[in-house]
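Read off the chains here:
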Amino acid sequence: MPSPACKITVLGSGTSVGVPTIGCDCAVCRSTDPRDQRLRPSVLVSYGGRNILIDTTPDLRTQALRARIDHVDAILFTHSHADHVMGLDDVRPFNFRQKGHIPIYASEPTMTAIVRCFPYIFDGLKKESNVPRLTPNTNDGSPIDLFGVTFLPVPIMHGSQQIYGFRFGAAAYLTDHSEVPEASMEMLHGLDVLFLDALRYRVHPTHSTVEHSIGTAQRLGARRTFFTHICHEIPHAAGESKLPPNIFLAYDGLEVEVDAAA
Ligand SMILES: [Zn+2]
Ligand SMILES: [Zn+2]
Ligand SMILES: [Zn+2]
């Protein structure tokens, strides 16, 4: 069944500490180009009036206000690092507005870590004030059907840890990885839009580099590839100008329409 038309909004394109980085006065951290201001990594996937949030960063409140997000229908988690989960408490206003629980999806180790970080959300005890109302769904890598679109968890290696990216229709969002395993490459044919981690130019133990992600992008041959999870070593304009055709740097606020027919 063809997927409905879908829009991806980049809520944050930065690495774990964000850009500008606290205490840094490098050229990128001092840049006046808004594309050099990168909140923590997350995207919103919108289709048919539904909003699916991938990860809840420590910047979620700012990101939701900036993108004027007024409801969230489900949340998918890639992994449990602080830059991807620590904004979870900020979903409360969505609960107030929606008057219901929000389903969240995470692998077993990621869900365990989320419950450990936010025990008060999940302990079932009566509270004196509001806590997020969430329905936890532990996912073992099986496809997740959300309102007519299938989100396929794509295993990726984040250093020695296996985490998940997601493919949905003709798009895939693969943040935080040092390597895309061969078996996962097979899950990524025929993409219109691909997001890949590209932290910086220098090698890092748990993140891909610009050069490595150019190789991944060229092997997969998506119509458009966007790099994300970018640190302050890459200035947007100069960095993007050196990329091959059809490969771009994501930036906060970028909206990409996905061609469902790709
Ligand atoms: Zn991260
Ligand atoms: Zn800097
Ligand atoms: Zn991470």
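Structure: see above.
Along every chain, residues carry numbers that run from 1 in the direction the sequence is written. To read the labels, note that chains go from A and ligands from 1, taken in the order they are written. Local features in this predicted model are restricted to residues of pLDDT 70 or higher, and side-chain atom pairs are both shown and tallied only at a pLDDT of 80 or more, whereas totals for entire chains, interfaces and linings draw on every residue. Just so you know, side-chain values use all the structure's heavy atoms and leave hydrogens and water out.

Caption draft 1: A look at the sheet that holds strand S12 (residues 224-228). Read across the open sheet, the 7 strands follow the order S7-S8-S9-S10-S11-S12-S13; overall the sheet is mixed. The strands lining the two open edges of the sheet, one partner per strand, are strand S7 (144-146) and strand S13 (247-249). Sheet twist, expressed as the mean angle between neighbouring strand axes with direction ignored, is 25 degrees. Relative to strand S11 (residues 193-197), strand S10 (residues 171-174) is paired through 4 bridges, and the arrangement is parallel. Its bridge partner lying in S11, Tyr173 is registered against Phe195. For this analysis, residues touch if any pair of their heavy atoms sits within 4.5 Å. Between N-to-C directions, angles cover 0 to 180 degrees, with each direction set by a line fitted to C-alpha atoms, over the stretch in contact for helices. Every helix listed is a DSSP run of H or I at least four residues long, and every strand listed is a run of E at least two residues long, numbered separately from the N terminus. In the packing of helix H7 (residues 210-220) onto the sheet, contacts are made with S11, S12 and S13, and the angle to S11 comes to roughly 155 degrees. The rule for pairing is simple: two strands pair if DSSP sees at least two bridges between them.

Caption draft 2: The arrangement of the coordination of the zinc ion (ligand 2) in detail. Within the protein, Cys24 (SG), Cys26 (SG), Cys29 (SG) and His232 (ND1) serve as the donor atoms for the zinc ion (ligand 2), at 2.1 to 2.3 Å. Metal-centred angles of 102 to 115 degrees between the 4 donor atoms at the zinc ion (ligand 2) mark the site as tetrahedral. Every donor residue of the zinc ion (ligand 2) comes from the same chain, spaced as C-x1-C-x2-C-x202-H. To sort residues, take the accessible area from a 1.4 Å probe on protein chains only and compare it with the maximum for the residue type: under 20% means buried, over 50% means exposed, and anything in between is partly exposed. The class for Cys24 is partly exposed, based on a relative accessible area of 25%. A residue is classified by how much of its surface remains accessible, and Cys29, at 10% relative accessible area, is buried. The rule for donors is simple: an N, O or S atom within 2.8 Å of the metal counts, and for Na, K and Ca the reach is 3.2 Å. Water is not among the atoms, so a site may look short of donors. Square planar and octahedral sites, with four and six donors, are those where opposite donors lie more than 155 degrees apart and all other angles lie between 65 and 115, tetrahedral sites have four donors with every angle between 85 and 135 degrees, and the rest are irregular.

Caption draft 3: Seen up close, the coordination of the zinc ion (ligand 3). Only His79 (NE2), His81 (ND1), His158 (NE2) and Asp176 (OD) from the protein reach the zinc ion (ligand 3) as donors, at distances of 2.1 to 2.3 Å. Counting residues between consecutive donors of the zinc ion (ligand 3) along the chain gives the motif H-x1-H-x76-H-x17-D. We classify Asp176 as buried; its relative accessible area is 1%.

Caption draft 4: Quick look at unusual backbone geometry. Following Val19, the chain continues to Pro20 via a peptide bond in cis, the omega torsion being 0 degrees. Summarising the element assignment, Pro20 is placed in the loop between strand S1 (6-12) and strand S2 (42-47). The backbone of Arg68 sits at a positive phi, close to 50 degrees, despite the residue not being glycine. With respect to the helices, strands and loops of the structure, Arg68 is situated in the loop between helix H1 (60-66) and strand S4 (74-76). On the basis of relative accessibility, which here comes to 74%, the residue Arg68 falls in the exposed class. Even without glycine at this site, Phe147 takes up a positive phi of about 55 degrees. On the secondary structure map, Phe147 appears in the loop between S7 and strand S8 (149-158). For Phe147, a relative accessible area of 38% gives the class partly exposed.

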